[in-house]
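Observations on the model geometry
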Amino acid sequence: MNAFRKALTIVAGLLLAAGTMSAHADAMQDIEAHKAIKVGMLVDFPPYGLMNEQNKPDGYDADVAKLLAQDFGVNLQLVPVTGPNRIPYLLSGQVDLLVASLGITPERAKSVDFSEPYAAITIGVYGKDDVKVTKPEDLAGKTIAVARASTQDTAVTKVAPKSATIRRFDSDAAALQALISGQVPLVGCSNVCYLTIQKLAPGKYNKKFELSSQVQGIAVKPGEQKLLARINQFIDKIKANGELDKVNEKWLKEPMPAVLKKK
Amino acid sequence: MRQFGWNEFQLLVFAARWTIILAIIAFVGGGIGGLIVALLRTADNRVARGAMIVFIRVFQGTPLLMQLFLAYFGMAIFGFTVNPLIAAMIALTAHASGYLGEIWRGCIEAVPRGQTEASIALGLHYFARMRYVVLPQAARVAVPPTVGFLVQLLKETSLTSIIGFVELAREGQIITSVTFRPFLVYGLVAAIYFAMCWPLSLVAGRMERGLARATKR
């Protein structure tokens, strides 16, 4: 864990402590009273979150957020956040909830409450065809690129042997660029990013092994039970009526992953 | 994934307006704050001097990134939901004041002590002494380090992306994430930063020559 991330974690922890001390009004009531909901989402994580040609937030997350606001019957305000600052945005009350491709991990569940999963990404280690890697132990002595503070960062850090060098970049795009320009032989990234690698350099890179399949949840401040129950009701609805399938088809060109269907 | 085109170029140039707005806020806030810090730091009053030493140590010794973070998220936790612009204003002003205060303190102290003594002998009060004797001479030495710091500050405004500003560097990141053309995008970002910083250096050179003429003996 690098110093910047550590510092952010500490500050986020302090914010959380302060936040739980001051008794807060019910978020669901706030949303209904103001007839508006502030949703934090990433804008540099296509196809989940991106800025479109009109410079407006768009993507899988934006579509889910739009459906949610429609279902709640309130106005939607999308707030662009970044990977490292999204949890502070939520805990400090700058946004009501996050539809920010936030992977559900036990670590994160300590600071935020997650809804049922609304999206899934499989992440793995990808690299040049001639690099022989089939399991985590093979990473010994090799260099692997990841996007800083991402789920793949945590996963690679966990499984990689001590002699592996993990190079952390600010975004997936920078990590992919390092791979394609030949600075690193391997990258830890998602199935989504792999599609991009294939577009940029077809046929040169393949999947070495899968790290995990990661489900993502909508996150709320800890203790917002009413809001969370209402979100889960919404997610059940869009899973059942096919709207989530449509969002998957639109952005990922495949139906809703099976991992989302089981309860 | 989409192509980098005219539209994306315009977005970059348009995002530079935040860099300019934030830099102006930092320059003006830091200029006023820095002058106050420098004057108090060179004052006869020990309490004022001590307080300014603490202020300078705190703001030089902590990263601007953390100052921005605490000004925005930290205050929100205690019930003051601040607008990001206000938070940026507070953090950038305090940061710039800390540095400029110390730079200008050095410049004020570089003016020979005899100048102050002579103006006291002439019966000039503190305000007149500073306004007509000490500061004009200090200003001449102050130009190069001040401009150096301001150029650095302009580039440091990119840190405000932590509290949600989509300024030049952040817009570059966002566009890179959809176009996957980092060399082109960051190359342009660097060129736009250069186009903003270079005129500052030119103006500084001219000011320096002007001041040198004015104070030539």
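Because the structure is predicted, anything quoted here is derived from the model rather than measured.

When you go through chain B residue by residue, the secondary structure sums to eight helices and zero strands. Tracing chain B from N to C terminus, the helices and strands come up as α-α-α-α-α-α-α-α. Projected onto its principal axes, the C-alpha coordinates of chain B cover approximately 75 × 45 × 20 Å. Counting across all 217 residues of chain B, residues that qualify as buried make up 37%. A sequence separation of at least 24 residues applies to 77% of the contacts in chain B between residues at least 6 apart.

All right, on to the sheet that holds strand β4 (residues 57–58) of chain A then. Strand order across the open sheet formed by three strands is β2-β3-β4 (chain A), with antiparallel pairing between neighbours. Strands at the two margins of the open sheet, each flanked by one partner only, are β2 (44–45) and β4 of chain A.

In this assembly, 28 residues from chain A lie in contact with 21 residues from chain B. Elements represented by at least two residues in the side of chain A that touches chain B include exactly α1 (3–21), β2, β3 (49–51), α7 (172–180) and α8 (191–200) of chain A. Its residues placed into classes, the side of chain A that touches chain B shows 14 nonpolar, ten polar and four charged.

Now for unusual backbone geometry. All names here are of chain A. In this model, P46 is joined to P47 through a cis peptide bond whose omega is 5°. Along the chain, P47 falls in the loop between β2 and β3. Phi angles above zero are rare outside glycine, and S101 is one such case at about 50°. Mapping S101 onto the fold places it in strand β6 (residues 97–103).

Within chain B, residue pLDDT values average 92, and 99% of them lie at 70 or more. Under the prediction, the complex receives an ipTM of 0.75, its pTM being 0.74.

For the rest of this paragraph, the subject is the nonpolar core. Residues M41(A), L98(A), V99(A), A219(A) and L68(B) are the most contacted members of the largest nonpolar core, which totals 93 residues. If you tally residues by element for this core, the top one is helix α4 (residues 84–110) of chain B, at eleven residues. Setting aside chain neighbours within four positions, we find V99(A) in contact with V39(A), M41(A), D61(A), V64(A), A65(A) and I218(A). Among the nonpolar cores identified, the runner-up in size contains 26 residues, and I121(A), L139(A), A160(A) and F180(B) belong to it.

Thresholds, definitions, all that
Residues numbered from 1 in each chain as written. Chains lettered and ligands numbered in written order. Predicted model: local features only at pLDDT ≥ 70, side-chain atom pairs only at ≥ 80, totals over all residues. Helix = DSSP H or I, 4+ residues; strand = E, 2+ residues; numbered from the N terminus. Buried ≥ 20, exposed ≤ 12 C-beta atoms within 10 Å, placed from the backbone. Contact = placed C-beta atoms within 7 Å. Pairing = 2+ DSSP bridges. Nonpolar A, V, L, I, M, F, W, Y, C, P; charged D, E, K, R; others polar. pLDDT = per-residue confidence, 0-100. Core = buried A, V, L, I, M, F, W, Y, C linked by C-beta atoms within 7 Å.

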